[in-house]
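# Inside the fold
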Amino acid sequence: MALNIQVFKTRALTALLFVIVMLMGLLWNFWSFLVLFTIIHFGCWYEFVKLMKTIYAENFLKHCLLGIVYITIPFLLILYLYGQSNEILIHDTFIVIAKGSIPLLIICSIWINDTMAYMVGSFIGKTPLSKISPKKTIEGTLGGVVLCIGIIGLTIHLLYGNNNVTIICMTIAGLCAIFGTLGDLFESKLKRMANVKDSGNFMPGHGGFLDRFDSLLFAVPAVWLFVYIFLQ
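Residues numbered from 1 in each chain as written. Predicted model: local features only at pLDDT ≥ 70, side-chain atom pairs only at ≥ 80, totals over all residues. Heavy atoms only, no water.

### Concerning a nonpolar patch on the surface
Taken together, Leu13, Leu16, Leu17, Ile20 and Met24 make up a surface patch of nonpolar side chains, about 510 Å² in accessible area. Mapped onto the secondary structure, Met24 falls in helix α1 (residues 5–27). (Patch = residues over 30% accessible without salt bridge, like charges linked within 9 Å, V, L, I, M, F, W, Y side chains within 5 Å. Areas by Shrake-Rupley, 256 points an atom, 1.4 Å probe, with all protein chains shown as cover. Salt bridge = Lys/Arg side-chain N within 4 Å of Asp/Glu carboxyl O. Helix = DSSP H or I, 4+ residues; strand = E, 2+ residues; numbered from the N terminus.)

### A look at the packing of aromatic side chains
Counted by the stated rule, this structure contains 14 aromatic pairs. Measuring from centroid to centroid gives 6.0 Å for Trp45 and Phe48, while their planes differ by 85 degrees, and the two rings are edge-to-face. Of the two residues, Trp45 and Phe48 are both situated in helix α2 (residues 30–56); the distance of 3 residues between them amounts to about one turn of the helix. The exposure class assigned to Trp45 is buried, which follows from its relative accessible area of 18%. Between Phe186 and Phe218 the ring centres are 5.5 Å apart and the planes differ by 35 degrees, which places this aromatic pair in the tilted class. Remark: Phe218 occurs in helix α8 (residues 209–230) and Phe186 occurs in helix α7 (residues 163–194); sequence separation between them is 32 residues. Given the relative accessible area of 25%, Phe218 is considered partly exposed. Grouped by ring-pair contacts, the aromatic residues Phe30, Trp31, Phe33, Phe37, Phe75 and Tyr82 constitute a single cluster. (Phe/Tyr/Trp six-rings, centres within 6.5 Å; stacked < 30°, edge-to-face > 60°. Buried < 20%, exposed > 50% of the residue type's maximum accessible area, 1.4 Å probe, protein only.)

### Some points on the pattern of salt bridges
Taken as a whole and judged by the stated rule, the model has 5 salt bridges. As a salt-bridge pair, Glu187 and Lys191 come within 3.6 Å of each other at their nearest N and O atoms. Of the two residues, Glu187 and Lys191 both sit in helix α7, 4 residues apart, roughly one turn of that helix. Take Glu187: its relative accessible area is 0%, and that puts it in the buried class.

### Examining the environment of Gly25
Here Gly25 lies in helix α1. For Gly25, a relative accessible area of 7% gives the class buried. Taking the C-alpha atoms as reference, Gly25 lies 5.6 Å from Leu36; in sequence the two are 11 residues apart. In this structure, Gly25 is in contact with Ser32, Phe33 and Leu36, ignoring residues within four places of it in sequence. (Contact = heavy atoms within 4.5 Å.)

### What to know about the packing of α2 against helix α4 (residues 66–82)
For any two helices packed against each other, the geometry comes down to the angle between their axes and how far apart the axes lie. The contact between α2 and α4 brings their axes to 10 Å, and the two run at 170 degrees. Classified by the angle their axes make, α2 and α4 are roughly antiparallel. Residues Phe30, Phe33, Leu34, Phe37, Ile40, His41, Cys44, Trp45 and Phe48 of α2 form the contact with α4, whose participating residues are Leu66, Gly67, Ile68, Tyr70, Ile71, Thr72, Phe75, Ile78, Leu79 and Tyr82. In the contact of α2 with α4, the residues fall into 16 nonpolar, 3 polar and no charged. (Axes fitted to C-alpha atoms, helices over the stretch in contact; angles between N-to-C directions. Parallel < 35°, antiparallel > 145°, perpendicular 65-115°, else oblique. Nonpolar A, V, L, I, M, F, W, Y, C, P; charged D, E, K, R; others polar.)

### Section: the side chain of Asn113
For Asn113, the location among the structural elements is in helix α5 (residues 101–124). Assessed through its relative accessible area of 4%, Asn113 is described here as buried. Setting aside residues no more than four positions away along its own chain, Asn113 makes contact with Gly144, Val145, Cys148, Ala177 and Thr181.

### Describing the side chain of Asp211
Examined against the element boundaries, Asp211 turns out to sit in helix α8. We classify Asp211 as buried; its relative accessible area is 11%. A distance of 2.8 Å separates a polar side-chain atom of Asp211 from the backbone nitrogen of Ser199. (Polar contact = N/O pair within 3.5 Å; in protein donor to acceptor, adjacent residues only side chain to side chain.)

Below, the structure is given as structure tokens:
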């Protein structure tokens with residue numbers, strides 16, 4: 001997959017604006033977080049219903065029920081994760097989980113994985129990952145996962161210098177990278193079934209809401225399960 005400079009510039013510019021809006025919603029307060037993800041939630045639903053209508057025509061309504069599991073539950077879970085603020089004891093060390101920190105880590109991990117997978121795949125990608133998404137390569141996917149875990153791990157270690165915190169964050173990053181990729185492939189399958197390139201067009205170079213948040217929809221339940229089992 002050759003690197004297209006013009007496409008990369010367009011994606012980079014819109015991604016920068018996207019990052020600014022996302023960070024404001026994530027970091028300002030709970031209400032900005034709620035408003036941001038409410039908009040994302042209904043944007044994803046709107047595009048999902050359109051896809052179902054295109055794929056299943058007259059019987060699309062019953063297939064739209066899948067959206068409760070695919071879209072609504074992940075957004076309820078990320079609201080739950082936002083409110084997680086407690087102390088856990090690991091190997092005689094108290095680790096403080098600040099409110100809002102887990103969703104921020106999820107979003108950053110997905111961004112890093114997407115960016116690194118695109119870059120690695122652009123330069124050395126040769127082996128297609130799946131027929132569902134021909135542009136994705138095994139090399140790019142593996143590079144994205146490894147670099148995502150490494151960058152998150154290094155950043156957290158430099159900021160906090162605590163091995164337990166670093167391992168937890170690297171685990172979450174790995175879950176986001178792996179399940180985020182699965183979410184991307186699932187949405188690509190839906191688009192292929194509907195015979196459309198993008199689920200929408202609200203972001204030039206990035207498509208619609210589902211195109212932008214498909215990874216999040218799969219990553220959040222995986223991270224929630226990890227938090228529920230190991231960090232409660």
